[in-house]
Structures are given as C-alpha cells and as structure tokens.
Amino acid sequence: MEIGSGELPYDEVRKIPAALKNILQNFFENEIMLNEKPDIEAFSTPRRTVVLIKGLPLKSPDREVEIVGPPVGISYHGGAPAAPLLQFMKKNEISDYKKIYPLNQKKGVYTAYKKRIKGLPVRDLLTANIPAFIKKIPFRKTMFWLDKEIRYPRPVLWILSIFDGKNAPFNFGDIKSSNRTYIAEPLSYKMKSVKISGSEDYFDAVSSTGIILKNGDRKKYIEAGIKSLSKKVNADMPEYDDDFIDEITGLTETPYPIICGFDEKFLSVPGELLSVVMRKHQRFFPLSKNGSLLPYFAAVADANPAPSVKKSLENNIKSGYSKVLTARLADAEFFFKEDSKKKPSHFVEETKNILFYQGLGSYFDKTKRIGELGIFIAGKLNFPSGMLSDFKTASGLLKFDLATHVVYEFPEMQGIMGRIYAKASKESTEVSLAVEEHYYPVSKAKKKLLPSNDLSALCSLSDKLDTVLSFVMLKKLPTGESDPFYLRRAMIGVIEIILDKKYKINLSDVCNFYFNEFFKDRRLNADELKTSFMNFAYVRFKNHMLSGGYKSDEITAVLTAEITGDFYASFLKIDFLSKFKKHEEVFELSQAYKRINNITYKFSEIAGFNESKLIMPEEVRLISVFKSVQKNVVPLLKAGDYAAAVNEMYKLARPVNDFFDGVMVLTEEEEVKNSRLGLLNNVLNFLKNFCDFSSLDL
Amino acid sequence: MDSLKSISINPNEHDIRFVEDDWESPTLGAWGLGWEVWLDGMEVTQFTYFQQIGGVELSKPAIEITYGLERIAMFLQNKDSVFDLQWNDSFKYGDIHKDDELQFSKYSFEYADGEILHKLFNLYEAESKKLLSFKMKELVKPAYEYCLKCSHAFNMLDARGLISVSERMNFILKVRALAEGCARLYTGYADKG
C-alpha cells in the first residue's frame, strides 16, 4: 500500500514506519491470529507512506473463541436449558446445549461455549480495516480537507493498494484506492499515473525517478553525499546531531546533496554564530577545516534532474541558497557589529531590566545571588583563593549576553556570545570560557559537554542551584510531565557536574545557606523548603543512578541513611555495593544488621548504654571490637575508601552473631536490658552511616 | 507549479519545496495547516488549509494561497534588496515605497504614543461591540472593520513592547471576542444561539 499525500512535516515522516508496523503487527498477531508472522516493512517520504507485507496467507486461520453466557445458576431448569441460556444459544447459533460447559469466573460459575470462527480472506480483512489503521497512526497534528471524519497531516491525494497482484479496493474519504501510483514525469513537474501489478513493479517505478523510499537508506545516502562533497572542498566531515540529519531525511524523497559558497567577508563574524545561522535557519551544514570555518556549506536539495537541466538546476540552487544565506548572514553580521561597539559592562547594566522571573528579580539580581552562592560553595570545596577573584569577575558576566542583539535574535547563542564578547574585551581565557560553560552540561553533535574546569563548574553549579532553589521558594517545582522552567534538567546538571568533578559537598548545607542569605524579607519556612528541595534532588539522583545501570535496592540502601545530599559519596557507595554486594563481607554484615534491626526496631529511642552493666564475655567482646572498628572506620569513610571501611566493619559480624547466640537481650532487669539495646542501637546506627544493609536484595 | 512556470520559472530547473508552516492568529481565532513554499531556499508562497476562522470550526476548509510578490520579483530580477527592484522602466520599487517605509517606521518606533494607542484600542473595541450588539447581518462588515482596527492597535502596542506579558492575553481575548462575534453573526450562528 502507498498513501500519496501533500508534503508531510518531517517529524511525522519520521514516526510513520515504526507506528504503521506496530499497528499491522498487532492486527495480524492479536486480532486475526495468523499462525506465522508476516514480514512487514514500512517506509515514508514527505509524499509517500508505504507498507510492504510479505508472507501473508490468502485466508486467515479458523480459530476457537471462548464465549461466556449467563451464570450456571439461572441457566438450567430440571437439567434442560432455561430461558437465559436459550437466548444465549439463539444469539450465538448454538444448536447442541451439551457442548456448553461450566466456567469459573471471578463472580461465580458461568456457562461457556467454544465458538468456532471461520477464517476469512485476508484481502477482505485488510480492505475493511486499512482506513482504521491509517486513523490509528499517532500523528502530532492532523487536518481535514473535504470529509470532516477523514484526517491526515496533509491532504491525501491517492492510495495504491495491491494484494496478491491485484487491486484491493477500499475508500478513505473521497479517495478510492487503486492499482496506480504517481511519479514525476521526466522534464516535467507534472505527476503521471503508472499502473502497478506488484511490489517489484512498484519499487522499480518509484526508484526510476530517484526516490529513495527506505528512510534508513535515504539517511545513509545523505550522509555519504555530505561526506564526499566535504572532501572535495578539503573540509572535515561536518558534525551534527541525529535530529538534524533526520529532519533533512524527512524533508526529501530524492535527496540531492550540493556544495555552495558564501562571501568570505562574513568569516570575520564568529564561526559559531555563522554555523547557527546555517544550521538552524537554513538547515545547511557549515563546513570547516581543523576547527576554522570555510566559506562553503553543504546543503541537501530535493531534486532528480534530467541530464539536460542538471547544470542549470545546480547553478540555480547554488545561487539561490547562497543568496538566502547571505541575507541571514548580513543580519547576523550587523547584530554582531552593533554589539561589538559596546562593552560587556554596558550590557550588564541592561540585565537589570530583563526579568528572570516574577518574584525572583532581574538577571542582574540573579548574578548577584550566583556570586554569593558560588563563594560559599567554593569554600566548601576548598577551592584556592586565587580562583575566587576569577569567580567574582565571571559570575558578574554570566548573563550579560542576554541583553545583546545577537542573543536576542539567536537565543541558542547564549553563553557562546558571552564568551566571545568577554574575550574581546580582554577578560582572561578562563573567565570567558566560564561564561559559555556555565550553561553546561549540554548535548552537542551526539556528545555530552561538561564544564572543563573548576571555575566553569562552580559557575554552572551556582547558576543551576540558584534557579532550582529560587523556584523551590516560589513552590513551583514541576509536577507531572511538564517542566516549564527546566528545573529537572538544571538539577540533573548539578548532579552530573558533582559526579564528574568528584565534588564532595552537602547540598543540604547549600540549601541552608541559600534560605538564610536570600529572600530574607519573605518569612520563609526554611525547613519546609529544604524538605521539598532535598526530595526533588534525591528523586533526580535516584533516576540518574538507575539510568546508569545501578539497581534500585543498592540505591535505596544508600539513600535511606543519607540526609546531607552528598551525592558524590552516595555514588561511591552505590558503585561499591553494585560491585561487592554478593561478596561474603557485605552478606555477613547485612545478616548481622538484620538480626540487630529485628530486635531493636521497637526500641530505637534508646541511645546510650551503661558499660558497667555489660559484663558477659560476648558483651565485652562486642564493645571492644566496636570501639576499635569505630576508630578505624571513621577516617576511611571520610576518605571515601569504602572497600577498606566495609572490610573493617565486617569484623563486627562475628561478635554480633556471638552476642545474639550467647546473650538474652530482653531480660527482666530493666537497666541491663536497656544497656544491651543501647549498645545494639549504637552498632546499628554506626553501620547505617554506611548504608541500610536491610534494603539490599541479596 | 503552473503559476511559477507562467512567470518563466521552470520548476524542473529549481529546487521547489513544500515545508511545514502552520498558520495561526490567536486574535482572530483562526488557524490552519499548510506550507511555506521554498524556491531554491527562498520562501515565496504560503499555503494554508484553514480549519477554524473566527472561533468557528469550518465545515469545508478555506484555502489561502499568498504569493510573496516582492520576493518573487527579487528572484526574477536577481536583486538582493526589495528597494532595488525595477518598478517599471523608469522607477525603482524604492522610489515608490521607500518613503512610506521610512515615515511609518519613524512614526511606529519613535512617535507612536502608547496612551493614544490604548485609547484607540478601546474606542475601536467599543464601536465594534456596539455594532455587533444590534445583531444585524447588514452591519457585520463595519463591525469586522473595527475588529481589524482593534487588532492593528494591539499589534502596534505589542510591537512597541507597551503591553506586559500578563496583559497580553487579555488584549488577545478582547480582539478574539470581536472576531468570533463577527463570525457568528455572519454565519448565522448568532441566531441559533
């Protein structure tokens, strides 16, 4: 089947093959119960949606379906069918009531019957159901063009449908399917109708016009074309995201890669800006050699010219594309030159008039908070004092480019222009780079970019934490799917940086500092805000760990006992557990942990113990081992050497077990009992410092 | 394609593309799906299959094709600026239109007065509302005329940045109510309630 239509949006083109395959597979396997799975292929171009099914039987198999009748209790009268059952038999054309049997259902015992459903010609099944299949494709946006009930992303122009070599007719609104497709006539823009007798015939006809039906093939063809053309002008293969190439794949059915040029004078404009103009606004591939932009670009037209017009077509495309791009580049150049007349300090002033968010002040106010917050974080991370003066300069410059012409016109240039303008006004390389990298982590051309040094990381952490904490204050954390202020992304960014840079910092301290320091006039309930922030952060961290392949029990074991938001330490513990949780040490410790927990959970309020009351050898032994382990483990935990810490803690397993084997904890003597429970609670809480061993799935 | 061919643009020698570009006017309660047409990368035409106008769901789509005449002329005359287009043998496009452009730019960016524009908006709105309140079909065109003037005043205010983000929606809804009133009166929906 081929659905010919007006040009579909590229993202609809992209989703069609998988969606259609799914719908058909479900129909064949679950609705008409074919014994053998047919081979289904689906393709899409802007103008064609195509499905090819091989290995379909002519008839669907006969099958039995169990149908349920009235409850047994009302179905018989003296052994013969009563009225309700007779009605059921009549409706389902059952002649022999003896074939009806009892069936246990949730609500009681019911009558049931195995009804035979005869197979039907698959041709008829398909033609009856295809219109419904088309309606089921989950398009983003559909329209009607004649019949209000018939919708598609753009008007359908024709439908070709062939089954077993012959037309399989059905109607989709005003369109009657036939055995004809439409392809471009050579040297004419008119479409001509071609009669098709089978799939080979169809593929021959379509490919003769240069159309590449298979989405994957089209993508490869475009990539290969760009690669060989880049070589021709001695450029490196351009970098791009998958989305970018998919977009172009969805915009062409006869892709025609071509190299064009633009005036070299534009190369005085920063290459990053030129590249954005080319990519985002024209879908062109900027070309460069060893990182510097060349006055060429690669583009993909949609054409299949006859030899006689090839030359003039190429000339037209080259001059047309260049002209359109030139107008855009001239705009970009103008904005860049205008901005360059002024110093960053001028734009910093202007950020006082750009609102960050109602109730959170301007971007200028935001950078003030970032500055103070960053100094606090730098202190916690023991950054050298030399870095602080760089940070003070950088933090003041993080948002000034939002006031520039270029960023106003090309918002995706934020940060990049900041870096360029800062560098041009003689800021240091580190400070300039931090202005760009404070937006990191970002994904670019299939790679994830993280801040490259501590200064950039500090700027990024401070900005993102200010964003999240300020919206926590406004009680505007995201709920459900939507996240209009990108707070989840900001929080995940914080976590990624902390883990990447191995920063040991308690986010709970940052939160305390924040609500002590800022928005003082608002009478904030700091405890409530902290809870909401920490919960938000923990959920993001947990998801981040899960997507990194760690198991839920490992994460829970560590996070149950963690309250400070020290995510790097938590990560190390989780990583340790994932590697070693099956080892004897962890296993034995968790058994001991559970034994203690089983008895003390009712007495968790007992915190201390009287050592003089604990005189049995097992008690004395446990106390002495506990003291030595405690002394040794504290520095190990602090240093993050969890393997050594667990090895040390493991020394407690034996004494704990001996204690339980030799000592009756819940004795009559109140003071002795409480001391024993107190000792056990101390051991338990000490182990919990590392993790909640009882959560581990062993 | 025929229309391009008739002005000497042979579609076989150009890259002509129909690229998704849906159109929506929140003030007029109108939207539709369609394309912008690229001629060797330049947008020259816009297609819209309207699905709704004046807040009324259409029973048959109204189809709009708009040609960017200046752009097509620039293409044909191979000019980079619209003002350089040859208007006829003696005059350029700029000779005819550049002064309009300058004067209205000067007015819009430097002299347009927010207070006056606000007043005009309110006057136009009141007049359109009054005309609609008579529920007379023979007054629907003047009512619509004032609705468009109202929409224009809004656009001027909006372009000058004289409307805050929170006010903006209210302005849009006011114009939209007029557009819907006109559409309902015109189609007879108003009689049927």
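Quick caveat: nothing in here was measured; it's all calculated off a predicted structure.

What counts and how
- Residues numbered from 1 in each chain as written.
- Chains lettered and ligands numbered in written order.
- Predicted model: local features only at pLDDT ≥ 70, side-chain atom pairs only at ≥ 80, totals over all residues.
- Heavy atoms only, no water.
- Pairing = 2+ DSSP bridges.
- Helix = DSSP H or I, 4+ residues; strand = E, 2+ residues; numbered from the N terminus.
- Axes fitted to C-alpha atoms, helices over the stretch in contact; angles between N-to-C directions.
- Domains from an automatic or database assignment.
- Core = buried A, V, L, I, M, F, W, Y, C linked by side-chain atoms within 4.5 Å.
- Buried < 20%, exposed > 50% of the residue type's maximum accessible area, 1.4 Å probe, protein only.
- Contact = heavy atoms within 4.5 Å.
- Buried area = accessible area lost by both parts, 1.4 Å probe.
- Salt bridge = Lys/Arg side-chain N within 4 Å of Asp/Glu carboxyl O.
- Polar contact = N/O pair within 3.5 Å; in protein donor to acceptor, adjacent residues only side chain to side chain.
- Nonpolar A, V, L, I, M, F, W, Y, C, P; charged D, E, K, R; others polar.

1. With respect to the sheet that holds strand S3 (residues 48–54) of chain A
Pairing between the strands of a sheet comes from backbone hydrogen bonds, and it takes one of two forms, parallel or antiparallel. All names here are of chain A. Read across the open sheet, the four strands follow the order S2-S3-S1-S9; overall the sheet is antiparallel. Edge positions in the open sheet fall to strand S2 (39–44) and strand S9 (156–160), since each of these has one partner strand only. Pairs of neighbouring strands in the sheet enclose a mean axial angle of 10 degrees, with direction left out of account. Judged from the four bridges that link them, strand S1 (residues 2–5) and S9 form a sheet pairing that is antiparallel. Note that in S9 the partner of Glu2 across the bridge is Leu160.

2. Structural notes on the domain arrangement of chain A
Each domain of chain A was delimited in the assignment, giving domain 1 (2–59 + 121–207), domain 2 (63–117), domain 3 (234–340), domain 4 (348–549) and domain 5 (573–695). Here the C-alpha centroids of domain 1 of chain A and domain 2 of chain A sit 42 Å apart.

3. Section: the nonpolar core
Judged by nonpolar contacts, the single largest core of 141 residues is most densely connected at A:Leu273, A:Phe533, A:Met649 and A:Phe690. The element best represented in this core is helix H15 (residues 454–473) of chain A, accounting for 11 residues. If you look at the next biggest cluster of nonpolar residues, it comprises 50 residues, including A:Ile150, A:Val156, A:Ile159 and B:Leu39.

4. Notes on the side chain of A:Ser230
Residue and element names in this part refer to chain A. Along the chain, Ser230 turns up in helix H5 (residues 215–232). Ser230 sits in the buried class, given a relative accessible area of 1%. Apart from residues lying up to four places away in sequence, Ser230 is in contact with Ala235, Asp236, Met237, Pro238, Ile259 and Leu287.

5. As for the domain arrangement of chain B
Residues and elements named next belong to chain B. Structurally, chain B comprises domain 1 (2–90) and domain 2 (112–187). Look at where the C-alpha atoms of domain 1 and domain 2 centre, and you get two points 27 Å apart. Contact with domain 1, which involves nine residues of that partner, is made by 12 residues of domain 2. Summed over both partners, the interface of domain 1 with domain 2 comes to about 720 Å²; 71% of that surface belongs to carbon and sulfur atoms.

6. Describing the interface of chain A and chain B
Opposite the 36 residues of chain A that make contact, chain B presents 32 residues. For the pair chain A and chain B, the summed buried surface comes to about 2800 Å²; carbon and sulfur atoms form 53% of the total. Viewed at the interface, chain B and chain A are joined by five salt bridges. Among the salt bridges present, the one from B:Glu20 reaches A:Arg140, with a minimum N-O distance of 2.8 Å. Taken together, the links from chain A to chain B amount to 16 residue pairs in polar contact (both at pLDDT 80 or more). Contributions of two or more residues to the side of chain A that touches chain B are made by strand S18 (292–302) and helix H8 (307–340) of chain A. Here the element with the most residues in the side of chain A that touches chain B is H8(A); it accounts for nine residues. Among the residues forming the side of chain A that touches chain B, the class breakdown is 17 nonpolar, eight polar and 11 charged.

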